[in-house]
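# Residue-level structural notes
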Amino acid sequence: MLQVVWFKRDLRTQDNAALTAALNAGPTLCIYVLEPEYWQLPDTSNRQWMFIRESLLDLHQDLMSKNGGLQWYAGSVIDVLETIQKEHGEFALHSHEETGNLWTYQRDKNVKKWCQQQGVHWQEYRQFSVTRALNNRDAWASTWKKNMEQPVVVLPKNGVFSWLNHTQPAQDLPHSVSHDPTPCLGRQRGGRKLALSVFESFLTLRGETYRGSISSPITAESACSRLSPYLAYGCLSMRELYQTLQQHQQSASGRWKASLSAFESRLWWHCHFIQKLEDEPQMEMNNLHPATNHLNRIMNEEFFSAWQHGRTGWPMVDACMRYLQHYGWINFRMRAMLVSVASFPLWLPWQPVSHWLASLFTDYEPGIHYPQVQMQAGTTGINIPRMYNPITQAQKCDPSGNFVRQWVPELKHVSDQWIFEPWLMSKKQQQHFGLIIGEDYPAPLVDFAQASRMARARMQHINTGEYRATAKEIGQKHGSRKRRFPRKKWPSRASKNEQQLSLF
Ligand SMILES: Cc1cc2nc3c(=O)[nH]c(=O)nc-3n(C[C@H](O)[C@H](O)[C@H](O)COP(=O)(O)OP(=O)(O)OC[C@H]3O[C@@H](n4cnc5c(N)ncnc54)[C@H](O)[C@@H]3O)c2cc1C
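On a predicted model such as this, the values are computed, not experimentally measured, just so you know.

In terms of regular secondary structure, the protein is built from 22 helices and 5 strands. Relative to the globule expectation of 23 Å for 504 residues, the C-alpha radius of gyration of the protein, 24 Å, shows essentially globular dimensions. By its C-alpha atoms, the protein is 75 × 50 × 50 Å across when sized along the principal axes. Counting only residues that meet the buried cut, the protein has 44% of its 504 residues in that class. Counting contacts in the protein only where the partners sit at least 6 residues apart, residues at least 24 apart contribute 81% of the total.

The following block contains the structure:
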């Protein structure tokens with residue numbers, strides 16, 4: 001019987017359980033479905049598609065070197081499966097489990113129903129250490145390690161590939177498919193070959209300073225692994241990544257040892273976060289803690305638009321947003337700051353914020369993205385809400401001010417003294433540095449101290465006994481059992497708040 005491998009976010013032949021199982025079972029047809037409806041969603045963009053396109057071409061080449069090839073279709077997955085059924089008759093379907101957004105979640109439910117109605121056996125394989133229909137988190141951490149230590153799967157030597165008639169060559173994959181065609185000039189390029197070389201340069205060169213260099217966007221650019229888009233679209237498997245890392249860890253010492261260990265913990269976080277969305281798909285749209293519905297964050301179009309386009313008047317925030325637009329990537333801390341500023345002083349609902357950021361990220365991974373956004377927006381109930389102060393962040397992460405000057409050229413002549421708070425300059429000083437606040441560069445949308453105080457008070461207002469009881473239940477379901485750091489208390493008094501919040 002024909003075996004069909006439906007490639008999704010697993011664009012590789014190595015350690016690919018779906019492909020291996022299919023080739024072991026019979027002649028195998030490898031397909032990718034370009035779904036036009038998906039590319040109209042607000043969390044998608046052409047930068048993501050271009051990365052996928054490059055990865056598909058690379059995958060096609062790899063399959064061709066094994067006497068196979070990738071066949072692609074445009075349309076709905078069910079229509080494609082019907083076409084295959086008409087042409088080939090009976091078949092079995094193989095793919096990896098996907099923890100996607102609500103649209104792909106519903107699509108997979110529809111495909112499942114179709115398969116059941118048609119008597120098509122659809123086998124899904126675990127992609128990461130994420131468990132479907134998980135009962136509780138108690139053994140989750142040890143399962144992660146066990147899964148990562150499983151041998152990588154190897155393709156059978158005598159596997160046979162199959163082809164359909166009238167297929168389109170991979171090179172004909174369109175360049176533009178998305179509602180958001182905004183170019184992303186500094187974007188990482190897709191494909192497994194590049195993934196391997198990025199990983200190699202991290203393990204042998206760039207990774208030594210990982211620990212200590214990932215908070216500032218200046219140093220993070222090269223000190224971070226930069227593997228995120230390759231993991232998001234499966235050009236590398238998490239298991240092969242983990243096992244290669246382990247080999248390097250054996251001989252590592254000093255800074256390398258600390259850095260590789262810090263990096264390993266991120267791989268664990270990766271699956272830990274995806275597990276949350278797997279368990280709670282509605283996290284894309286609904287607050288995890290229901291009491292945070294009472295926060296009544298209101299859409300302010302003016303604030304939202306200023307934040308989206310890097311014109312909030314807070315130089316570090318604007319620099320980060322513009323950098324992200326250019327590269328399709330920014331480091332963790334600055335992602336957190338962008339969400340925090342939108343969610344607290346600007347008091348915007350996190351849903352449009354998260355969709356906008358997702359569309360800017362080449363590495364958009366719904367399972368990490370939505371739980372992280374909710375965590376930074378303070379709606380999970382299980383994490384201490386952190387409010388990042390864009391001025392102190394700038395002082396710590398960009399002490400020379402050059403990152404801000406590069407990405408907000410309106411401020412390029414402003415001296416160190418005023419670079420992070422240009423609105424404090426007198427009119428005369430503004431003229432001296434060649435700009436007028438409110439004309440050439442905006443004044444801050446709100447007074448940060450005052451708006452943050454108000455946000456803290458609103459957060460505090462919902463922090464009742466009932467809130468904490470629900471939070472405990474949420475923690476039981478979604479929280480990590482692995483305590484890397486001593487538990488901090490939810491700030492309950494104003495002074496503690498100030499302390500907690502001024503840390504960031
Ligand atoms: C609001 C917000 C949204 C985010 N959205 C995404 C997203 O859509 N896709 C995405 O891959 N990451 C996301 N992250 C997590 C993190 O910022 C990125 O994984 C990281 O910046 C990617 O760069 P890197 O591969 O060089 O990371 P490294 O630091 O080298 O980490 C290696 C890998 O570990 C995982 N990882 C690292 N940090 C985290 C984290 N905090 N939580 C979970 N996994 C982590 C990622 O898979 C990453 O590729 C988000 C973080 C925040 C605060």
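The next subject is the domain arrangement of the protein. Each assigned domain of the protein is listed here: domain 1 (2-127), domain 2 (192-279) and domain 3 (284-502). Residue-level contacts link 13 residues of domain 1 with 14 residues of domain 2. Grouping the amino acids of the side of domain 1 that touches domain 2 by side-chain chemistry returns 3 nonpolar, 4 polar and 6 charged.

So, on to the site of the ligand. Taken together, the neighbourhood of the ligand is formed by 28 residues, with Cys224, Ser225, Ser228, Arg266 and Phe332 sitting nearest. Elements represented by at least two residues in the shell around the ligand include exactly α9 (228-232), α11 (254-279), α14 (332-343) and α16 (366-377). Ranked by residue count, the leading element in the shell around the ligand is α11, at 6 residues. Across the shell around the ligand, the residue classes break down as 16 nonpolar, 7 polar and 5 charged. Of the domains in this structure, domain 2 (192-279) and domain 3 (284-502) are the two that each give at least three residues to the shell around the ligand.

Ranked by size, the top nonpolar core spans 115 residues in total, and within it Val5, Ile31, Cys320, Leu338, Val341 and Val404 carry the most contacts. Beyond its immediate chain neighbours, meaning those up to four positions away, Val5 contacts Ala18, Leu19, Ala22, Thr28, Cys30, Ile31, His94 and Ser95.

Right, let's get into the sheet that holds strand β1 (residues 2-7). One open sheet accounts for 5 strands, arranged β3-β2-β1-β4-β5; its pairing is parallel. Strands with a single pairing partner mark the edges of an open sheet, and in this sheet they are β3 (70-74) and β5 (122-125). For this sheet, the mean inter-axis angle between neighbouring strands, taken without regard to orientation, is 30°. Bridging between β1 and strand β4 (residues 91-96) involves 4 bridges; their strand directions are parallel. Pairing of Val4 across the sheet is with Leu93, part of β4. Set on the sheet, helix α1 (residues 17-25) makes contact with β1, β2 (28-34), β4 and β5; between it and β4 the angle comes to about 155°.

As a packed pair, helix α15 (residues 350-360) and α16 sit with axes 10 Å apart at the nearest point and diverge in direction by 135°. Classed by the angle they form, the pair α15 and α16 counts as oblique. Our pair here, α15 against α16, has a crossing hand that is right-handed. In contact with Trp350, Val353, Ser354 and Ala358 of α15, α16 contributes His369, Tyr370, Val373, Gln374 and Ala377.

All right, on to the pairing of β3 then. As judged from the 5 bridges shared by β2 and β3, these two strands associate in the parallel manner. Bridge pairing in β3 links Tyr32 to Trp72. The handedness of the β2 to β3 crossover, carried by helix α2 (residues 46-64), is right-handed.

What follows concerns α1. In an α-helix there are 3.6 residues to a turn, and that puts residues three or four apart on one side. Among the residues making up α1, those that are buried are Ala17, Ala18, Leu19, Thr20, Ala22 and Leu23. Lining the buried residues of α1 we find β1, β2, β4 and β5.

Phi angles above zero are rare outside glycine, and Ala133 is one such case at about 50°. Although it is not a glycine, Arg226 sits at a positive phi angle of roughly 65°. Tracing the backbone through its elements, the reader meets Arg226 in the loop between α8 (217-223) and α9.

Turning to the confidence of the model for the protein, a few remarks are in order. When pLDDT is low, close inspection of the predicted coordinates is not appropriate. Summarising the model, the protein shows a mean pLDDT of 93, and 95% of its residues fall at 70 or more. Across residues 484-504, confidence stays below pLDDT 50; counting only partners more than four residues off in sequence or on other chains, it has 15 contacts.

This part covers the environment of Leu164. Within the fold, Leu164 resides in the loop between α5 (140-149) and α6 (192-204). Setting aside its immediate chain neighbours within four residues, Leu164 contacts Leu29, Gln71, Ile84 and Glu87.

Turning to the environment of Pro281, a few remarks are in order. With respect to the secondary-structure elements, Pro281 resides in the loop between α11 and α12 (301-308). For Pro281, a count of 19 C-beta atoms within 10 Å gives the class partly exposed. As a C-alpha pair, Pro281 and Thr99 span 182 residues in sequence and 8.2 Å in three-dimensional space. Aside from chain neighbours lying at most four places away, what touches Pro281 is Leu102 and Tyr105.

The next point concerns the pairing of β2. Here β2 lies mainly inside the structure; 6 of its 7 residues are buried. The pairing of β1 with β2 spans 5 bridges and is parallel. What sits directly across from Trp6, in β2, is Ile31. Crossover connection from β1 via α1 to parallel β2: handedness right-handed.

Reading guide: rules and limits
Residues numbered from 1 in each chain as written. Predicted model: local features only at pLDDT ≥ 70, side-chain atom pairs only at ≥ 80, totals over all residues. Helix = DSSP H or I, 4+ residues; strand = E, 2+ residues; numbered from the N terminus. Rg over C-alpha atoms; globule rule 2.2 N^0.38 Å. Buried ≥ 20, exposed ≤ 12 C-beta atoms within 10 Å, placed from the backbone. Contact = placed C-beta atoms within 7 Å. Domains from an automatic or database assignment. Nonpolar A, V, L, I, M, F, W, Y, C, P; charged D, E, K, R; others polar. Near = placed C-beta within 6 Å. Core = buried A, V, L, I, M, F, W, Y, C linked by C-beta atoms within 7 Å. Pairing = 2+ DSSP bridges. Axes fitted to C-alpha atoms, helices over the stretch in contact; angles between N-to-C directions. Parallel < 35°, antiparallel > 145°, perpendicular 65-115°, else oblique. Left-handed = near helix turned anticlockwise from the far one by under 90°. Right-handed = clockwise from strand over helix to strand, strands pointing away. pLDDT = per-residue confidence, 0-100.

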